[in-house]
Structures are given as structure tokens and as C-alpha cells.
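Here is how the chains run, residue by residue.
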Amino acid sequence: AKPSVDEERKILPLAAHGVVFMSMGLLVNREDAVVWRGPMIAKAVTQFCHDVRWGELDYLIVDLPPGTGDVALSLAQTIPVTGTVVVATPQDVAFADVTRALRMFEMLRLDVLGLVENMAYFICSKCDEKHEIFGKGRTQQHCDERDLPLLASLPLDPNVSPHADAGKPIAVAEPGGEQARIYAELAQSVMRRQADVLASKEAPAEKHAAFFNVRPGG
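Predicted model, so just to flag it, every value in this text is computed and none were measured. Residue indices begin from 1 for each chain and proceed along its sequence in written order. In keeping with the model being predicted, local features are shown solely for residues with a pLDDT of at least 70 and side-chain atom pairs are shown and tallied solely at 80 or more, while totals for entire chains, interfaces and linings include all residues. The side-chain figures draw on all heavy atoms in the structure; neither hydrogens nor water molecules are used.

Draft legend 1. Expanded view of the overall build of the protein. Comment: elements are numbered from the N terminus, with helices defined as DSSP H or I runs of at least four residues and strands as E runs of at least two. Of regular secondary structure, the protein possesses eight helices and nine strands. Think of it in three bands: with a 1.4 Å probe and only protein chains considered, a residue is buried below 20% of the maximum accessible area for its type, exposed above 50%, and partly exposed in between. Within the protein, the proportion of its 218 residues that are buried is 28%. Counting contacts in the protein only where the partners sit at least 6 residues apart, residues at least 24 apart contribute 66% of the total. Only heavy atoms matter for contacts: two residues are in contact if any of them lie within 4.5 Å across the pair.

Draft legend 2. Looking closely at the pattern of salt bridges. By salt bridge we mean one thing: a side-chain nitrogen of Lys or Arg within 4 Å of a carboxyl oxygen of Asp or Glu. Enumeration according to the criterion identifies eight salt bridges in this entry. Arginine 146 is the partner of glutamate 145 in a salt bridge, and the nearest nitrogen-oxygen pair spans 3.6 Å. Where arginine 181 meets glutamate 185, a salt bridge forms, and the shortest distance between an N and an O atom there is 2.8 Å. Taken together, the residues arginine 181 and glutamate 185, both in helix α7 (residues 178-199) and four residues apart, mark about one turn of the helix. The class for arginine 181 is partly exposed, based on a relative accessible area of 38%. Each of Asp6, Glu8 and Arg53 takes part in salt bridges that share partners, so that together they form one network.

Draft legend 3. The pairing of strand β5 (residues 84-88), seen in detail. Along β5, the buried face is formed by Thr84, Val86 and Ala88; none of Val85 and Val87, which line the opposite face, is buried. For two strands to be treated as a pair, DSSP must find at least two bridges joining them. Here β5 runs beside strand β6 (residues 112-117); their pairing, made up of five bridges, is parallel. When the sheet's bridge partners are listed, valine 85 is paired in β6 with glycine 114. The path from the first strand over the helix to the second decides the hand: if it runs clockwise while the strands point away from the viewer, the crossover is right-handed. Handedness of the β5-helix α3 (residues 94-107)-β6 crossover: right-handed.

Draft legend 4. Summary view of helix α2 (residues 70-78). Every buried residue belonging to α2 is among Val71, Ala72, Ser74, Leu75 and Thr78, and all of these are buried. One side of α2 carries all its buried residues, which in axial view fall inside an arc of 165°. Relevant arc is that of directions from the helix axis to the C-beta atoms, nothing else.

Draft legend 5. Quick look at the sheet that holds β6. The sheet built from three strands is open, its strands ordered β5-β6-β9 with parallel pairing. Bordering the open sheet on either side are β5 and β9 (150-153), each of which pairs with just one other strand. Taken over all neighbouring pairs, the strand axes of this sheet differ in orientation by 20° on average, direction set aside. Comment: axis = line fitted to C-alpha atoms, over the contacting stretch for helices; angle = value between 0 and 180 degrees taken between N-to-C directions. Along the sheet, α3 contacts β5 and β6; its crossing angle with β5, the most-contacted strand, is approximately 170°. Those strands touched by α7 are β5, β6 and β9, and its axis lies near 170° from that of β9.

Draft legend 6. Quick peek at the nonpolar core. In this description, a nonpolar core means a group of buried Ala, Val, Leu, Ile, Met, Phe, Trp, Tyr and Cys residues linked to one another through side-chain atoms lying within 4.5 Å. If you look at the biggest cluster of nonpolar residues, it comprises 14 residues, and the most contacted ones within it are Val86, Val98, Leu102, Phe105, Val112 and Leu115. Elements with a contribution of two residues or more to this core: β5, α3 and β6. For this core, the element with the highest residue contribution is α3, accounting for six residues. When sequence neighbours within four positions are dropped, the list of residues in contact with valine 112 reads Thr84, Val86, Leu102, Phe105, Leu148 and Arg193. In this structure, Ile11, Met22, Met24 and Leu26 belong to the second largest nonpolar core, which totals nine residues.

Draft legend 7. Structural view of α3. In a regular helix each residue adds 1.5 Å, so 14 residues correspond to 20 Å; α3 covers 21 Å between its end C-alpha atoms and thus fits that length. Taken residue by residue, α3 has Ala94, Phe95, Val98, Ala101, Leu102, Met104 and Phe105 as its buried positions. As for α3, its buried residues are in contact with α2, β5, β6 and α4 (138-146). One or two residues past the end of α3 sits arginine 109, with phi positive at roughly 60°. A helix is expected to span 1.5 Å for every residue after the first.

Draft legend 8. Inspection of unusual backbone geometry at higher detail. Positive phi, normally seen in glycine, also occurs at arginine 9, with a value near 65°. As for its placement among the helices and strands, arginine 9 is situated in the loop between β1 (4-5) and β2 (11-12). Within the chain, histidine 17 stands out as a residue other than glycine whose phi angle is a positive 55°. Tracing the backbone shows histidine 17 in the loop between β3 (14-16) and β4 (19-21). Classification of histidine 17 by relative accessible area gives partly exposed; the value is 44%.

Dropping the structure here:
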């Protein structure tokens, strides 16, 4: 699917499973690579924030690439970011990037809501035993050292990929499953943390409403 534009030349995002979304991948051919320098990436971030007809949103979530490059800096300079969530895997080597990301958000004065541990464990379908393939407890240890909450630990699940290839997140494809439960708890944890952060700041709702030109009706 490809996004369209309205009469005011605003990009109309696509929608699936109650979520509206926009991606650079929707604007290029499947085989094409996006080979851009920093200023072009910054321009794309600005365009996605200002030139997409988002309508009235509960949350605007931006999925950033790993690292501390131009995208995160441009985003922080473009919109009033209210919080960040850092996704990690249990290996020690992965925390080199996580540590840099946390330091970057600190320098940009962005609140870190917490960490999410991906590929935390695998449950064998034959013996029903839990295996921590990449180590156990390391993400929690890093959270404790930085006084950050561990928002969720997501398991490796072989059903994720085929459902995704069919166009359905696993939480939609298996609404009664373990993954769906964990994702729901993760969403609740992020909402609570975000509410606490916003409550500690001066008139955040008014500031963000003014920035996005929110008005009754969307």
C-alpha cells in the first residue's frame, strides 16, 4: 500500500489494527535502499512530523534506528518529545549501544521512561522449559544501576515472524497468548510512566496541544 495526499498536500497515513502509521519504506520501492546524509534524514523527520495528516492521536510513537545519529537529534529539535523507551537485548555487548543512547537522551534532556528487554528467553515447545539464551538478569541489573524501571521482558517466539509476514502483529493474531499479555502490560507501564513524567512538568498538555495545533474534532 502507498500513502496518498489530501487537497492541502498533506500525507494521509495508512491504518491497520487501530494504529495509523507512516514509514519511509512506504515511499520507496521495496528493492530500493535509502542512502541519505544527515541533513536529508533531518528533513524527512520534520516532514513526517508536520506534513502528515495524523488527526487526533492518543500517542505519537517514533521508532528510531539503533545508535546516536542524526535522527534522534533531529527529532528532539523538531517536536517536544515527552519520553523515550530504550529496547535492549540481554547480551553485554548490546548494552554498549544502550549506554550511549541513554547518555544521548540525558544530554538532550529527554526523559527515559524505562527499558524493554527483547529476546529475554525462549520456552521450548517440547519440554516447556524456560531458557535464557543470551543470559539472565543482566537487563534488570543495568536498570537498577541507572535507577530505571524494566518495563517488560519479551520472549523469543517462533510464531512472531509468520504472523508478521501475514500482516498481523502476534498480539492481534493470538490475542489470548502470552505475547499479547506482555505487550498489554508493557503498554500500561509506558502509559503510567508517561503520565508521571508529564504530571511533574509545567502545563505539558497545553504546550503539546499548541505545538501540534490540536483543535476539537482532530
